[in-house]
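Listed here are the chains, written in short residue letters.
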Amino acid sequence: MRRSRQTLQDVSVHESCLRVALALKMKQRFYGYGTVFASEVRYGPIDRRADFLVVEESSHAFEIKSDFDSLSRLPDQISDYVCTFDFVSVVTTNRHLGSVRSIVPPKVGLNVLSKGELTQVRQPKRFARLSKVHLAMGCDKGGLLQHVPNARSSSSLRDLQIAAIKVLSATELRTVFLNGLRERYKRSSEAFLAETDGKLNREDLLLLRRVAKIAA
């Protein structure tokens, strides 16, 4: 029987493979450090979704691009990522690596899945100047009520977000945003860590998903 000319590198990589590889690597790296993990995190003024999120003292968002994904939306996605999260990385394949590198800013990290191994090609650097609008849109009502002066519980979430943009600094909004993320995803992250072992599968990642927007 003739061997196929297709090598392992030629086999198309599905998004689920990238998700599982990333989740496993992050779990191995941060397990036991009080880190919060989340998947499909809805955020921002136009309600985008971060494919994977790691929250410690800072936030690190990951965008996943498989062989079956188009890169046409990547520039706009990255623009919102870098306004919202401290660190941003793209997880992709050898097929897309060159194109992704040419699209994203140098501060964005790059990770590649090749032959079943996820490798960091470029380390991310912190985005220090985050957008007050993006941060406020990711804050929940409870957090804003505690930090916006003279805030009323009867105020709408939208009104509180607008007020926060006016009266809070970017540093203060970042603190409210991060605290909200930790509180919102703490239980699902703990369940993920408790109920999974060293061999993850696609279904395990459902433990990390929440369908509601961050600010809900």
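About the cut-offs
- Residues numbered from 1 in each chain as written.
- Predicted model: local features only at pLDDT ≥ 70, side-chain atom pairs only at ≥ 80, totals over all residues.
- Heavy atoms only, no water.
- pLDDT = per-residue confidence, 0-100.
- Contact = heavy atoms within 4.5 Å.
- Phe/Tyr/Trp six-rings, centres within 6.5 Å; stacked < 30°, edge-to-face > 60°.
- Helix = DSSP H or I, 4+ residues; strand = E, 2+ residues; numbered from the N terminus.
- Buried < 20%, exposed > 50% of the residue type's maximum accessible area, 1.4 Å probe, protein only.
- Lys NZ or Arg CZ within 6 Å of the ring centre and 35° of its normal.
- Salt bridge = Lys/Arg side-chain N within 4 Å of Asp/Glu carboxyl O.
- Pairing = 2+ DSSP bridges.
- Disulfide = S-S within 2.5 Å.
- Axes fitted to C-alpha atoms, helices over the stretch in contact; angles between N-to-C directions.

Visitor: Run through the confidence of the model for the chain, naming residues and quoting values.
Guide: Low-pLDDT portions of the prediction should not be read for the details of their coordinates. For the chain, per-residue confidence averages 88 on the pLDDT scale, and 91% of positions sit at 70 or higher. Ignoring residues within four places in sequence, the model shows residues 1–10, a span with pLDDT below 50, making seven contacts including any to other chains.

Visitor: Lay out the packing of aromatic side chains with the relevant residues and their values.
Guide: One pass over the structure, following the stated rule, counts seven aromatic pairs. When the centroid spacing of 6.3 Å and the interplanar angle of 70° are considered together, the rings of F37 and F192 count as edge-to-face. Taken together, the residues span a long stretch of sequence, with F37 in strand 1 (residues 36–43) and F192 in helix 7 (residues 170–195) at a distance of 155 residues. Note on accessibility: F37 and F192 belong to one class, buried. The interplanar angle of 70° and the centroid separation of 5.0 Å between the aromatic rings of Y43 and F85 together place this pair among those described as edge-to-face. Taken together, the residues Y43 in strand 1 and F85 in the loop between helix 2 (74–84) and strand 4 (87–93) connect sequence positions 42 residues apart. Here the aromatic residues F37, F52, F62 and F192 are joined through ring pairs into a cluster of three or more. The ring of F192 has K27 sitting right over it, with the charged end atom 5.7 Å from the ring centre.

Visitor: I'd love a proper account of the pattern of salt bridges, names of residues and values included.
Guide: Scanning the model with the defined rule gives 10 salt bridges in all. The partner of E40 in a salt bridge is R19, with the nearest N and O atoms 2.5 Å apart. With E40 in strand 1 and R19 in helix 1 (residues 15–30), this residue pair connects regions lying 21 residues apart in the sequence. With a relative accessible area of 12%, E40 lands in the buried category. With relative accessibility at 13%, the residue R19 sits in the buried group.

Visitor: Would you mind going over the pairing of strand 6 (residues 117–122) in detail, with residue names and values included?
Guide: Where strand 5 (residues 109–114) meets strand 6, five bridges bridge the pair, whose relative direction is antiparallel. Bridge pairing in strand 6 links L110 to R122. Counting the residues that bridge the hairpin from strand 5 to strand 6 gives two residues, and of these K115 lies at a positive phi of roughly 55°.

Visitor: Give me the state of the cysteines: which residues, what numbers.
Guide: Scanning the model with the defined rule gives zero disulfides in all. The cysteine C83 is free of any disulfide, with C139 supplying the nearest cysteine sulfur at 15 Å. The partly exposed category is assigned to C83, whose relative accessible area is 24%.

Visitor: If you had to explain the sheet that holds strand 3 (residues 59–64) to someone new, which residues and values would you point to?
Guide: Spatially, the six strands line up as an open sheet ordered 1-2-3-4-5-6, and their pairing is mixed. Strands at the two margins of the open sheet, each flanked by one partner only, are strand 1 and strand 6. Between one strand axis and the next, the sheet turns through 30° on average, direction left out of account. As defined by bridge partners, strand 3 adjoins strand 4 across five bridges and the pair is classed as parallel. Each residue of the ladder has a partner; that of E63, found in strand 4, is V90. This element, helix 1, spans strand 1, strand 2 (48–55), strand 3, strand 4, strand 5 and strand 6 of the sheet and lies at about 25° to strand 2. Against the sheet, helix 3 (residues 94–103) makes contact with strand 4, strand 5 and strand 6, and its axis sits at roughly 140° relative to strand 4, the strand it touches most.

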